[in-house]
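Breakdown of the fold
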Amino acid sequence: MKNTTSTLDAHIKRYSSARADLLIMTALTVVNIVLLFTGSETIMLFSAIIPYTAVASAYIYNGSYIFGFGIAILLIGLYFLCWFMSKKNYQWLIVATILFALDTLYMIPFYDFSTDLASSVIDIAIHALVLYYLIAGIITGKKLKSLKEENSLGEGIGNDVAFNETQSEEADFDNDTENSIYKRRADTDIKFRVLAEGTHNGHSIIYRRVKRNNELVIDDYVYDEIEMLIETPHVLSAKIDGDLIQAGLRNPSNSFISVNGKEIVKKIRIM
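Calculation rules
- Residues numbered from 1 in each chain as written.
- Predicted model: local features only at pLDDT ≥ 70, side-chain atom pairs only at ≥ 80, totals over all residues.
- Heavy atoms only, no water.
- Helix = DSSP H or I, 4+ residues; strand = E, 2+ residues; numbered from the N terminus.
- Buried < 20%, exposed > 50% of the residue type's maximum accessible area, 1.4 Å probe, protein only.
- Contact = heavy atoms within 4.5 Å.
- Areas by Shrake-Rupley, 256 points an atom, 1.4 Å probe, with all protein chains shown as cover.
- Core = buried A, V, L, I, M, F, W, Y, C linked by side-chain atoms within 4.5 Å.
- pLDDT = per-residue confidence, 0-100.
- Patch = residues over 30% accessible without salt bridge, like charges linked within 9 Å, V, L, I, M, F, W, Y side chains within 5 Å.
- Salt bridge = Lys/Arg side-chain N within 4 Å of Asp/Glu carboxyl O.
- Pairing = 2+ DSSP bridges.
- Axes fitted to C-alpha atoms, helices over the stretch in contact; angles between N-to-C directions.
- Parallel < 35°, antiparallel > 145°, perpendicular 65-115°, else oblique.
- Left-handed = near helix turned anticlockwise from the far one by under 90°.
- Nonpolar A, V, L, I, M, F, W, Y, C, P; charged D, E, K, R; others polar.

Moving on to the overall build of the protein chain. For the protein chain, the helix and strand inventory stands at 6 helices and 9 strands. Put simply, the protein chain has 271 residues, and 46% of those count as buried. A separation of at least 24 residues holds for 51% of the contacts in the protein chain among residues at least 6 apart in sequence. Within the structure as shown, the protein chain displays about 14,300 Å² of accessible surface, and the carbon and sulfur contribution to it stands at 60%.

This part is about the nonpolar core. Core analysis: the biggest nonpolar cluster contains 24 residues, and Leu22, Met25, Tyr79, Leu93, Phe100, Val130 and Leu134 have the highest contact counts within it. Elements that contribute at least two residues to this core include exactly α1 (2-38), α3 (65-85), α4 (91-107) and α5 (117-150). Per element, the largest residue contribution to this core is 7 residues, and it comes from α1. Excluding anything up to four places from it in sequence, Leu93 contacts Tyr15, Leu22, Ser86, Leu134, Gly137 and Ile138. By size, the runner-up hydrophobic cluster in this structure holds 18 residues, among which are Leu195, Ala196, Ile205 and Ile218.

Those residues of helix α2 (residues 50-60) lying buried are Pro51, Tyr52, Thr53, Ala54, Val55, Ala56 and Ala58. Directly beyond the C-terminal end of α2, a positive phi value near 55° is found at Asn62.

Mapped onto the elements of the fold, Ser47 is located in the loop between α1 and α2. Residue classification places Ser47 among the buried positions, given a relative accessible area of 5%. With near-sequence residues (within four places) excluded, Ser47 lies in contact with Met25, Leu28, Thr29, Asn32, Phe100 and His127.

Here we come to the confidence of the model for the protein chain. For the protein chain, the average pLDDT comes to 83, and 82% of its residues sit at 70 or higher. The lowest-confidence element of the protein chain is helix α6 (residues 159-174), averaging 46 in pLDDT; the highest-confidence one is strand β3 (residues 203-210), averaging 95. pLDDT under 50 marks residues 152-173. Its contacts with residues more than four places away, or in other chains, come to 59 contacts.

The next point concerns the environment of Leu144. As for its position among the elements, Leu144 is in helix α5. Residue Leu144 is classed as buried on the basis of its relative accessible area of 1%. Considering only alpha carbons, one finds Leu144 and His11, 133 residues apart in sequence, at a separation of 6.1 Å.

Okay, a nonpolar patch on the surface next. Together, Phe37, Tyr59, Ile60, Tyr61, Tyr65, Phe69 and Ile73 line one region of the surface with nonpolar side chains, adding up to about 730 Å² of accessible area. Looking at the nonpolar patch, the elements that each hand over two or more residues are α2 and α3. Counting through the fold element by element, Tyr65 comes out in helix α3. In this structure Tyr65 comes out as partly exposed when scored by relative accessible area, which is 34%.

Applying the stated criterion across every chain, the model contains 4 salt bridges. Its salt-bridge partner being Glu225, residue Arg184 comes within 2.8 Å of it at the nearest N-O pair. Residue Arg184 is located in strand β1 (residues 184-185), and its partner Glu225 is located in strand β5 (residues 221-227); the two are separated by 41 residues in the primary sequence. A salt bridge links Glu227 to Arg212; its shortest N-O distance comes to 3.8 Å. With Glu227 in strand β5 and Arg212 in the loop between β3 and β4 (213-218), the pair connects residues that are 15 residues apart, well separated along the chain.

Time to look at the sheet that holds β3. With antiparallel pairing, 5 strands are arranged side by side in an open sheet as β1-β5-β4-β3-β2. Lying at the two open borders of the sheet, with one neighbouring strand each, are β1 and β2 (193-200).

Closest axis-to-axis distance for the α3/α4 pair is 8 Å, and the angle between their directions is 150°. Considering the angle they form, α3 stands roughly antiparallel to α4. Between α3 and α4 lies a crossing whose hand is left-handed. Together, Leu75, Leu78, Tyr79, Leu81, Cys82 and Met85 of α3 and Trp92, Val95, Ala96, Leu99, Phe100 and Asp103 of α4 make up the contact between the two elements. Partitioning the contact of α3 with α4 into residue classes produces 11 nonpolar, no polar and 1 charged.

Look at Lys211: it is not a glycine, yet its phi comes out positive at around 55°. One non-glycine residue with positive phi stands out, namely Asp220, at about 70°. Checked against the element boundaries, Asp220 lands in the loop between β4 and β5. The exposure class assigned to Asp220 is partly exposed, which follows from its relative accessible area of 42%.

Printed below as a string of structure tokens:
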């Protein structure tokens, strides 16, 4: 059970990361359009080009704003829908990948590789990186689905996965009498945000965010962590003195700390 849980946890983290990258790409596409109307020459490369050029063409050449914004809203809406629906079904990442692959093919003719090779290669490389993240998410989502079906862990990817993961870890820790081994001493000299804090049997428990990492800190030691740019539901766990201590995010607005499955801290917060 321990190896299965570890594998499931790794797949959930990779899948969540792929979905986060899709959301970031969608958000930066919107930012680019906003920057266009502010007169800024800055453009975020980790973004889709077709929505931007549709609006830019209408703006620069005094074309039809309805047509340009219509295309942009449609495509950005589709990317956002793919992100939202992929929470439950990884196949929506396939749709997003196809859309972005077409976006990549669309942008290639715009570059003059003979006069601006470096810039052209960088732009295309970043588009290729986004495609890599999406494809990796599809592969991970498929593996995750198969793994959960094999172990009867349910169908959903998202909050349901976090809940099922918690159940699996509880069963695993019940059969494990040894304390968890900490990863490192918690760094207190860096900037961090406390997401939830509590105590149990004299142990200090802190669930915190440090840069892109969410960490479970017990008695000044980091026992579990997850890296993500945009937070999605997850569970961090450790066993101390026979107790299963967990912390994480149940939904987009609730942090928690629990001991042996019983919540001792619940904090509503703004992401």
